[in-house]
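Listed here are the chains, written in short residue letters.
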Amino acid sequence: MGDLMDIIKGRRSIRKYEDREIPQESLDQILESVRWAPSWANTQCWEVIIVKDPDIKERLQATLIKNPATKAMVQAPVVLVICGKMKVSGYYKGQVETELGDWFMFDLGIVSQNICLTATNLGLGTVIVGLFDHNKVKVILGVPDDYEVVTMIPMGYPAKEPEAPKRREMSEFIHLNRF
Ligand SMILES: Cc1cc2nc3c(=O)[nH]c(=O)nc-3n(C[C@H](O)[C@H](O)[C@H](O)COP(=O)(O)O)c2cc1C
């Protein structure tokens, strides 16, 4: 296993892939990293749909509008679709626990990052896709009403590694003791 900081810094959003399948063992490891994600009171509200069918990938692609990941949706050998059950994360006995409401986006964000970092560690490229018609995807994939589709993550062996986009300096966002 590589150095964690190298993996964190080396992960890029990859939108072009080689014409090469992902080995089942790699996919299994990526899905195992989902299992071990932390979540609100260990509620694990996630569901993952593995899309390999070219026709379904095309239908999913059509839900993206002006998105730089549009080609990636069909070029990638695998697209993981990350869904979450509503009113679980951040809830206790059906009552919302904090003023921030449903924490499913937070938990699924961690899941998405686990997927991307594990994929990077295996030499695979990913891009988290959040800009699409979420309701259309729900219909295409038969996702039940009490779940939401949050991200789609195309993945494959990188054909092109872009430069890292600039990051804010630590001094721009670190606060000592008060904001
Ligand atoms: C929640 C979320 C949604 C995103 N949605 C999209 C998207 O719809 N299309 C896309 O091409 N990239 C998307 N990205 C990727 C970002 O553009 C990318 O992470 C950012 O520019 C930094 O680049 P890097 O990932 O290579 O470090 C998304 C990233 C996140 C975390």
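Criteria and thresholds
Residues numbered from 1 in each chain as written. Predicted model: local features only at pLDDT ≥ 70, side-chain atom pairs only at ≥ 80, totals over all residues. Heavy atoms only, no water. Patch = residues over 30% accessible without salt bridge, like charges linked within 9 Å, V, L, I, M, F, W, Y side chains within 5 Å. Areas by Shrake-Rupley, 256 points an atom, 1.4 Å probe, with all protein chains shown as cover. Salt bridge = Lys/Arg side-chain N within 4 Å of Asp/Glu carboxyl O. Helix = DSSP H or I, 4+ residues; strand = E, 2+ residues; numbered from the N terminus. Buried < 20%, exposed > 50% of the residue type's maximum accessible area, 1.4 Å probe, protein only. Pairing = 2+ DSSP bridges. Arc of directions from axis to C-beta. Polar contact = N/O pair within 3.5 Å; in protein donor to acceptor, adjacent residues only side chain to side chain. Expected span 1.5 Å × (residues − 1).

J.: Would you explain a nonpolar patch on the surface in this entry?
T.: Among the surface-exposed residues, Leu4, Met5 and Ile8 lie close enough to one another that they form a single nonpolar patch of about 280 Å² accessible area. Within the fold, Leu4 resides in helix H1 (residues 4-10).

J.: Would you mind showing me how to read unusual backbone geometry here?
T.: Apart from glycine, the bulk of residues carry a negative phi angle, and the bulk of peptide bonds sit in the trans form. Within the chain, Asn42 stands out as a residue other than glycine whose phi angle is a positive 55°. One non-glycine residue, Gln44, lies in the positive phi region at around 50°. Structurally, Gln44 can be placed in the loop between helix H2 (24-35) and strand S1 (46-51).

J.: Would you mind showing me how to read the pattern of salt bridges here?
T.: Between side chains of opposite charge, pairing is possible as soon as their charged atoms come close. Counted by the stated rule, this structure contains five salt bridges. Two residues, Arg20 and Glu18, come together in a salt bridge whose shortest N-O distance is 3.1 Å. Of the residues examined, Glu18 reaches a relative accessible area of 33% and is grouped as partly exposed.

J.: Help me understand the pairing of strand S2 (residues 78-85) in this model?
T.: Looking along a regular strand, one sees the side chains alternate between the two faces of the sheet. Among the eight residues in S2, seven count as buried, and that is most of the element. Relative to S2, S1 runs antiparallel, the two sharing six bridges. Following the sheet pairing, Ile50 is matched in S2 by Leu80. Alignment of S2 against strand S6 (residues 147-156), held across eight bridges, turns out to be antiparallel.

J.: How should helix H3 (residues 54-61) be read in this particular structure?
T.: An α-helical turn contains 3.6 residues, so a residue and the one three or four places further along point in the same direction. Taken residue by residue, H3 has Lys57, Leu60 and Gln61 as its buried positions. End-on view of H3: buried residues confined to an arc of 100°, all on one side of the axis. The residue sitting at the N-terminus of H3 and contributing the capping side-chain oxygen is Asp53; that oxygen lies 2.8 Å from the backbone nitrogen of Asp55.

J.: Can you walk me through helix H5 (residues 104-121) in this structure?
T.: Between its first and last C-alpha atoms H5 spans 26 Å; for 18 residues at 1.5 Å apiece the expected length is 26 Å, and the two agree. Buried residues of H5: Phe104, Asp107, Leu108, Val111, Ser112, Asn114, Ile115, Cys116, Leu117, Thr118 and Ala119, and no others. Positive backbone phi, approximately 85°, marks Gly123, located one or two places after H5.

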